[in-house]
Amino acid sequence: MLSLEAISLQASEDEESPYLLHDVSVRMCRGELVAVVGPSGCGKSTLLKTITGLLEPTAGIVRWDGRDLATEGDLLPSELGYVPQFSLAYDSLTVRESVDDAFRLRIAGIDDDEREDRIDALLETTGLTELADRPVRVLSGGQRRRLALTIETVSSPSLLLCDEVTSGLDPGSAQEIVSLLHELSRADGGRRRVVVNVTHSLIGLELYDRVIVLSAGRIAYQGSPQHLAHYFRADHADAVYTRLATRSGEEWDTSWRKHGSFFEDSLSSGSEATENDHPSETEGDEPLTPGLAAQFAVLFARRIRLFVRERSQVGLQAALILGFPCLVVIFALKGLPGIRNLSLDNDLSVIDQLRESAGYLVQAFDVGGLVSGLLLFQIILLALMGSNNGALEIAGERALFEREKLAGLSPVSYLASKAVFLGLLITAQAVWMVLFVHGICRFPGDIVGQVMLLWLADAALTAVCLAFSSFARTPAQASLISIYFVGFQLPLSGAVLALPDSVARLTRPFIAAYWSWAGGILTMRDTRFYDLILKITKTELAALPVCFWVLLAHVVIGTCVAYLGCRRSVWD
Amino acid sequence: MARRASSKIRPLWIACIVGALVLAVIGGIVVQNQGGDAFRTVPELDIGEYLSNANSLRGNNYKVKGVISQSLLYSRETGRLYSVEVNGSGGDNVLPVLVPPELSYLNLQKGQHYTFLLEVGDAGILLARKMQKG
């Protein structure tokens, strides 16, 4: 049994802040389909998140089978299914793949045959067998809700919480979903479960075992659907909302405390579920969640599959990887110009020496500027690619990630799968950039050192933008912050214009472009281009090991911050 | 056991990040101090001592920072002899540095700053073993 005892929740920690839930006490038994209804803003979804554990009540206790979830152990991921309002699945995966991935991420220790059998059985229960091989993107709203329910029941949870799963559906589809919820509440291989559906729709009301009506965060009614209209003195259940609007939440609460016991008692005495509300024999054997490596393997394979199937993603990456180096080489298609050395002999006249020095300076501006610019251009383009790599990687699928996290997905596995996938992408971007520019322009310097430095610059920007992505509220916000961050790289690198010392000291630690550029110049140390670049730049170059160190620190710290961002719970 | 709502970012994690930042800065300083000088384990040449009695230093390795001034002599077998301007404690000095053919890829020219790893050879000739620009 699930019971909420005197639950209150305030909007903030301030004692004066308004109550989102006020002294709410409800109970729900195994085998029951429960509707939580009420007008918008009455606290329905808040109640659901409090049960889930996503919101911490200011006061009160949430119990599951008698155990206080706050002090005696939270619900295991496999005990809980949470179906949000909007179906969360990747559009380019098929229905079967989506369910299969959910199985692999949530349940350990079942072989392929058993998993296939269970997927078939689940798809049959939810009426998706015929649609198993269709991509999610072609499913209707109702079919998507069915898929969400299928995914959330792979671990046979004892508690299935649904947030507005019928909203936006036509009445026929909504009725079908409620029927499915009713079926899911009854039996699942002997495991009876509590199914709670938060809704403002009263379609299929007769299929619910218990209806909880909330008004302004307070209980206005808790009883059977048959008594609902009678309690509210309405001609029909549909008129309940009109009646609710006639009094304040506090008044409905007071009224319920006076008269509610009869309706609660009538529900208890007649309910088969209440009489049999104890865990069945199969319960207690909760399936084990797969380990980090197993989850990583599933996520990585899924990321590759999604990448390959999203033609726009593949096209964009191909355009960036192949196109950006072309932008660099157009400045030196015929290679770099030759360089005239300063004479080492002492037999030149003063006039000749001055002429030679002036020529050398002009050469420094032309050739040194070109080499430094080509290097910086490569870095900035890789920084752009890095920002593109990281910005949307987490923010673009945050809702889906949160749901999977709730179901037992480890943020470590998730982030590791992202890191390895992005690492491959970065390698392709940086290696091709350096090889192409070296090949076409005969770019000078140690090619291995340059690959490493440009790889690190790309990785640093990717990691930092991944961190932004993990903390951003929306994908648009993540993109915007990442683009601004890349935008600062060029002026603050000091490669074009030397910064004042105070500004350089303050900003330089955060500007990956500087460390990559400075390191890149140092890889040309044994060439004459190095001397030319030194002639025209006033920006001090850090030692090569320091450049590597700082770029590596960017990658490590960016990844750690991204991990913190992934650990955060982000639910609207 | 705390519920999911309590699984917010803990101060411990923030402390770990701050620690990592501090470690990165300290590590950077250490790398800067050690990695900036490729010949940090080699003693600097005492120019006064070298000029007064070069023979006493024969066979030893030293490091010297200087600017390429002129090419004095060239031989395909032994390399090129340069005059190198050195700013030492006793003022500006010019030292003869023999760059062997193995280092000819360096393309030396006037005005370049180099750190030399030098061996004091017979007759006080300074033989460049390694050179690093800058």
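Bear in mind that the values here come from a model prediction, so they are computed numbers and not experimental data.

(A) Region of the structure containing the overall build of chain B. Scanning chain B for helices and strands turns up two helices and five strands. Helices and strands appear in chain B in the N-to-C order α-α-β-β-β-β-β. Its C-alpha atoms give chain B a radius of gyration of 24 Å, more than 25% over the compact-globule value 14 Å for 134 residues. Projected onto the principal axes, the alpha-carbon positions of chain B cover approximately 80 × 30 × 25 Å. Within chain B, the fraction of its 134 residues that count as buried is 40%.

(B) Quick look at the domain arrangement of chain A. All names here are of chain A. Assigned domains within chain A: domain 1 (2–275) and domain 2 (292–332 + 371–567). Domain 1 and domain 2 are separated by 44 Å when their C-alpha centres are compared. Contacts between the two partners involve 20 residues from domain 1, matched on the other side by 17 residues from domain 2. Contact between domain 1 and domain 2 buries roughly 1800 Å² in total, counting both sides, with carbon and sulfur atoms accounting for 62%.

(C) Main features of the confidence of the model for chain B. Within chain B, residue pLDDT values average 85, and 92% of them lie at 70 or more. No element of chain B has a lower mean pLDDT than helix α1 (residues 11–35) of chain B, at 80, and none a higher one than strand β4 (residues 113–120) of chain B, at 93.

(D) A look at the packing of helix α14 (residues 411–441) of chain A against helix α15 (residues 447–471) of chain A. Residues and elements named next belong to chain A. The interhelical angle for the contact between α14 and α15, taken along N-to-C directions, is 140°, at an axis separation of 9 Å. The angle between α14 and α15 falls in the class oblique. Note on packing geometry: the crossing formed by α14 with α15 is right-handed. Judged by residue contacts, L415, L422, G423, I426, T427, Q429, A430, V431, M433, V434, L435 and H438 of α14 engage I447, Q450, V451, L454, W455, D458, A459, T462 and L466 from α15. Of the residues that constitute the contact of α14 with α15, the class distribution is 14 nonpolar, six polar and one charged.

(E) Fine view of the nonpolar core. All names here are of chain A. V371, L375, M433, L454, W515 and W517 are the most contacted members of the largest nonpolar core, which has 67 residues in total. Elements with a minimum of two residues in this core: α11 (311–329), α12 (350–391), α14, α15, α16 (475–492), α18 (512–522), α19 (528–536) and α20 (544–567). Considering each element in turn, this core owes the most residues, 13 residues, to α12. Not counting residues up to four positions away in its chain, the partners in contact with L375 are F443, L454, W517, G520, I521 and M524. Residues M28, L54, L69 and F232 belong to the second largest nonpolar core, which totals 64 residues.

(F) Focus on the sheet that holds strand β1 (residues 61–75) of chain B. All names here are of chain B. The strand order around the closed barrel built from five strands is β1-β2-β3-β5-β4, with neighbouring strands paired in mixed fashion. With direction set aside, neighbouring strand axes in the sheet form an average angle of 50°. Bridge count for β1 against β4 is seven bridges, and the pairing is antiparallel. Its bridge partner being in β4, V64 is matched across the sheet by F116.

(G) Quick look at α11 of chain A. Residue and element names in this part refer to chain A. Between its first and last C-alpha, α11 extends 27 Å over 19 residues, near the 27 Å set by a 1.5 Å rise per residue. Along α11, the helix axis deviates most sharply at G323, where the bend reaches about 25°; the proline P325 sits within four residues downstream. Within the span of α11, buried status applies to Q317, L320, I321, F324, P325, V328 and V329. Against the buried residues of α11 lie α10 (292–309), α12 and α14.

(H) Looking closely at a nonpolar patch on the surface. Residues and elements named next belong to chain A. Together, L322, W432, L435, I447, V448 and M452 line one region of the surface with nonpolar side chains, adding up to about 530 Å² of accessible area. Where the nonpolar patch is concerned, the elements lending two or more residues are α14 and α15. With three residues, the top contributor of residues to the nonpolar patch is α15. Among the secondary structure elements, L435 is positioned in helix α14. For L435, a relative accessible area of 44% puts it in the partly exposed group.

(I) Summary view of the pattern of salt bridges. Residue and element names in this part refer to chain A. Applying the stated criterion across every chain yields a total of 30 salt bridges over all chains. Put simply, D65 and R30 hold a salt bridge, and the shortest N to O gap is 2.5 Å. With D65 in the loop between β4 (59–64) and β5 (67–68) and R30 in the loop between β2 (19–28) and β3 (33–37), the pair connects residues that are 35 residues apart, well separated along the chain. The exposure class assigned to D65 is partly exposed, which follows from its relative accessible area of 32%. Judged by relative accessible area, which is 2%, R30 ranks as buried. Between D253 and R218 there is a salt bridge, with its nearest N and O atoms 3.3 Å apart. Placement of the pair is D253 in helix α8 (residues 249–270) and R218 in strand β10 (residues 218–223), with a sequence separation of 35 residues.

(J) Quick peek at the environment of L57 of chain B. Residue and element names in this part refer to chain B. When you line up the elements, L57 lands in the loop between α2 (47–52) and β1. For L57, a relative accessible area of 5% gives the class buried. Between the alpha carbons of L57 and V120 there is a distance of 6.3 Å; along the sequence they are 63 residues apart. Other than its neighbours up to four places away in sequence, L57 contacts L45, E49, Y50, Y62 and V120.

(K) Quick peek at unusual backbone geometry. Residues and elements named next belong to chain A. Although it is not a glycine, A216 sits at a positive phi angle of roughly 50°. Tracing the sequence through the fold places A216 in the loop between β9 (210–215) and β10. With a phi close to 55°, R442 is a non-glycine residue in the positive phi region. The exposed category is assigned to R442, whose relative accessible area is 63%.

(L) Up close: the interface of chain B and chain A. Facing the 36 residues of chain B at the interface are 44 residues of chain A. Between chain B and chain A, roughly 3400 Å² of surface is buried when both sides are summed, and carbon and sulfur atoms account for 55% of that area. Of all residues in chain B, R3, R4 and K133 of chain B bury the most surface against chain A, accounting for 25% of the area lost on that side. Across the chain B-chain A interface, the total number found is one salt bridge.

(M) Representation of the pairing of strand β6 (residues 80–83) of chain A in the model. Residue and element names in this part refer to chain A. Residues L80 and Y82 point to one face of β6 and G81 and V83 to the other, with burial holding for every one of them. Pairing analysis gives four bridges linking β6 to strand β7 (residues 159–163), with the strands arranged parallel. Bridging across to β7, V83 finds its partner in C162.

(N) Examining the environment of D101 of chain A more closely. Within the fold, D101 of chain A resides in helix α2 (residues 95–106). With relative accessibility at 3%, the residue D101 of chain A sits in the buried group.

(O) Fine view of the sheet that holds β6 of chain A. Residues and elements named next belong to chain A. One open sheet accounts for six strands, arranged β6-β7-β8-β3-β9-β10; its pairing is mixed. Here the strands that pair on one side only, and so sit at the sheet edges, are β6 and β10. The mean angle between the axes of side-by-side strands here comes to 15°, regardless of whether they run parallel or antiparallel. Against the sheet, helix α1 (residues 44–52) makes contact with β3, β6, β7, β8 (194–198) and β9, and its axis sits at roughly 150° relative to β7, the strand it touches most.

(P) How the structure looks around the side chain of Q363 of chain A. Within the secondary structure, Q363 of chain A is located in helix α12. If sequence neighbours within four positions are ignored, Q363 of chain A has contacts with G338, I339, R340, G368 and L532 of chain A.

About the criteria used
Residues numbered from 1 in each chain as written. Chains lettered and ligands numbered in written order. Predicted model: local features only at pLDDT ≥ 70, side-chain atom pairs only at ≥ 80, totals over all residues. Heavy atoms only, no water. Helix = DSSP H or I, 4+ residues; strand = E, 2+ residues; numbered from the N terminus. Rg over C-alpha atoms; globule rule 2.2 N^0.38 Å. Buried < 20%, exposed > 50% of the residue type's maximum accessible area, 1.4 Å probe, protein only. Domains from an automatic or database assignment. Contact = heavy atoms within 4.5 Å. Buried area = accessible area lost by both parts, 1.4 Å probe. pLDDT = per-residue confidence, 0-100. Axes fitted to C-alpha atoms, helices over the stretch in contact; angles between N-to-C directions. Parallel < 35°, antiparallel > 145°, perpendicular 65-115°, else oblique. Left-handed = near helix turned anticlockwise from the far one by under 90°. Nonpolar A, V, L, I, M, F, W, Y, C, P; charged D, E, K, R; others polar. Core = buried A, V, L, I, M, F, W, Y, C linked by side-chain atoms within 4.5 Å. Pairing = 2+ DSSP bridges. Expected span 1.5 Å × (residues − 1). Bend = angle between axes of the 7 residues up to and from the residue. Patch = residues over 30% accessible without salt bridge, like charges linked within 9 Å, V, L, I, M, F, W, Y side chains within 5 Å. Areas by Shrake-Rupley, 256 points an atom, 1.4 Å probe, with all protein chains shown as cover. Salt bridge = Lys/Arg side-chain N within 4 Å of Asp/Glu carboxyl O.

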